[in-house]
Structure formats: structure tokens, C-alpha cells
Amino acid sequence: MLRQLKLTLNISRWIFMPWQRHASASSSQVPPFLAPISDDVIVDYEDPDYLPLPEYPVRPNEPLETRKQRLLYQSRKRGMLENDLLLSTFAAKYLKDFSAEQTAIYDQLINGVSNDWDIYYWATEVKPTPEEYNTEIMKLLKEHVKNAERVTRFRQPDLT
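Just so we're clear, the structure is a prediction, and the values are computed from it rather than from any experiment.

1. A look at the overall build of the chain
The helix and strand tally for the chain stands at six helices and zero strands. Reading the secondary structure of the chain in the N-to-C direction produces α-α-α-α-α-α. Across the 160 residues that make up the chain, the buried fraction comes to 29%. A sequence separation of at least 24 residues applies to 59% of the contacts in the chain between residues at least 6 apart. Here the chain displays about 11,800 Å² of accessible surface, and carbon together with sulfur accounts for 57% of that area.

2. Considering a nonpolar patch on the surface
A cluster of nonpolar side chains, Y50, L51 and L53, forms an exposed patch at the surface whose accessible area comes to about 380 Å². Examined against the element boundaries, Y50 turns out to sit in the loop between α1 (2-16) and α2 (64-76).

3. Description of the nonpolar core
Within the largest apolar cluster, 19 residues are counted, with the highest numbers of intra-cluster contacts made by Y106, L109 and L141. Discounting residues that sit within four places of it in the chain, L109 has contacts with I119, Y133, I137, M138 and L141.

4. A look at the confidence of the model for the chain
Averaged over all residues, the pLDDT of the chain is 81; the fraction at 70 or higher stands at 78%. Mean pLDDT in the chain bottoms out at α1, which sits at 70, and peaks at helix α6 (residues 136-146), which reaches 94.

5. Description of unusual backbone geometry
Backbone geometry at E125 places phi at a positive 60 degrees, although glycine is not the residue there. Its location among the elements puts E125 in the loop between α5 (116-123) and α6. With relative accessibility at 45%, the residue E125 sits in the partly exposed group. One non-glycine residue, N147, lies in positive phi territory at about 55 degrees. Relative to the assigned elements, N147 resides in the segment after α6. Using a relative accessible area of 12% as the deciding quantity, one classes N147 as buried.

6. Quick notes on the packing of aromatic side chains
Inspection of every chain in the model, using the stated rule, returns eight aromatic pairs. Put simply, the rings of F90, Y94, F98 and Y106 touch in pairs and so form one group of aromatic residues.

Criteria and cut-off values
- Residues numbered from 1 in each chain as written.
- Predicted model: local features only at pLDDT ≥ 70, side-chain atom pairs only at ≥ 80, totals over all residues.
- Heavy atoms only, no water.
- Helix = DSSP H or I, 4+ residues; strand = E, 2+ residues; numbered from the N terminus.
- Buried < 20%, exposed > 50% of the residue type's maximum accessible area, 1.4 Å probe, protein only.
- Contact = heavy atoms within 4.5 Å.
- Areas by Shrake-Rupley, 256 points an atom, 1.4 Å probe, with all protein chains shown as cover.
- Patch = residues over 30% accessible without salt bridge, like charges linked within 9 Å, V, L, I, M, F, W, Y side chains within 5 Å.
- Salt bridge = Lys/Arg side-chain N within 4 Å of Asp/Glu carboxyl O.
- Core = buried A, V, L, I, M, F, W, Y, C linked by side-chain atoms within 4.5 Å.
- pLDDT = per-residue confidence, 0-100.
- Phe/Tyr/Trp six-rings, centres within 6.5 Å; stacked < 30°, edge-to-face > 60°.

Here's what the structure looks like:
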């Protein structure tokens, strides 16, 4: 928060107070707000235990094809682009061949986790996967993320 405030103030000064810029500054000088910040660190806090998490509704009588269509849609609309790309390409490639049991495991994976960043960190192996989610589907997703075929994934696959 403090870093953002400092950055905003620097940008404001640069734009709205040009007389404070050095007269001898060359045109190639980098504005101070664009200078690299040496203390950039990714901070990932653990979720507190006291937060009530909503239960995902179980759909025991949902037909398999309906479930696969729902999961295909949910894989495309995650709320963060990284998971949209990873999960939509994964679902397009593998979901049609999943059995009912594998489909249920995939459903639990993408809908049972309350934080999409967890799925992303597990799939990219930044964080260890908890035992309950370390399934054959997660292993398949990790292999998909490694992209051994070097497929370009700039956009989601077309719906067919």
C-alpha cells in the first residue's frame, strides 16, 4: 500500500510539476516512477482459518454430458486470465475423454478450492499440492502446464 502511494505521488509530481524536473536532464532520462524497484517481492498470505468458506453444491443427479459442458464453461470463466488459459486449454484437450469419476475429480478440483491462485500455484508447482487435490487429474494438469509440445496458448480454444 505504501509502495503504491509512493508511486502515485511520484507520477503526480512528474506530470503536474514539471518545474521540479532537472533542467539539465537529458531526454533519455527514465522518469523516477519507472525506475526499477529493488524490493519487489511476491507476497502470498495464507488464508485465515476463521473465514467461513461457502460449500460448493453437490449435483448427484447431473448427467455426465451436462456436467462436462458446465465444467468446460467454468474452465473458461475463472476470473483470472492465467487460469482461464490453462484450464480452458486443458478442458478442451482432455475433458471429452474423461470418465464419470475423472470428471467428478476435475469438478472438485476447480470448484472445491476457494482461491484460484492456489490452483495456479499448484499447477505451476510453485507451491506443493495438498494431498486431497494431488490426484491423477492434477498430475495431468501439471503435465499440461509444462507444455512439452510447446503449443502457443495466447487465447482460449474456440467452442465447438
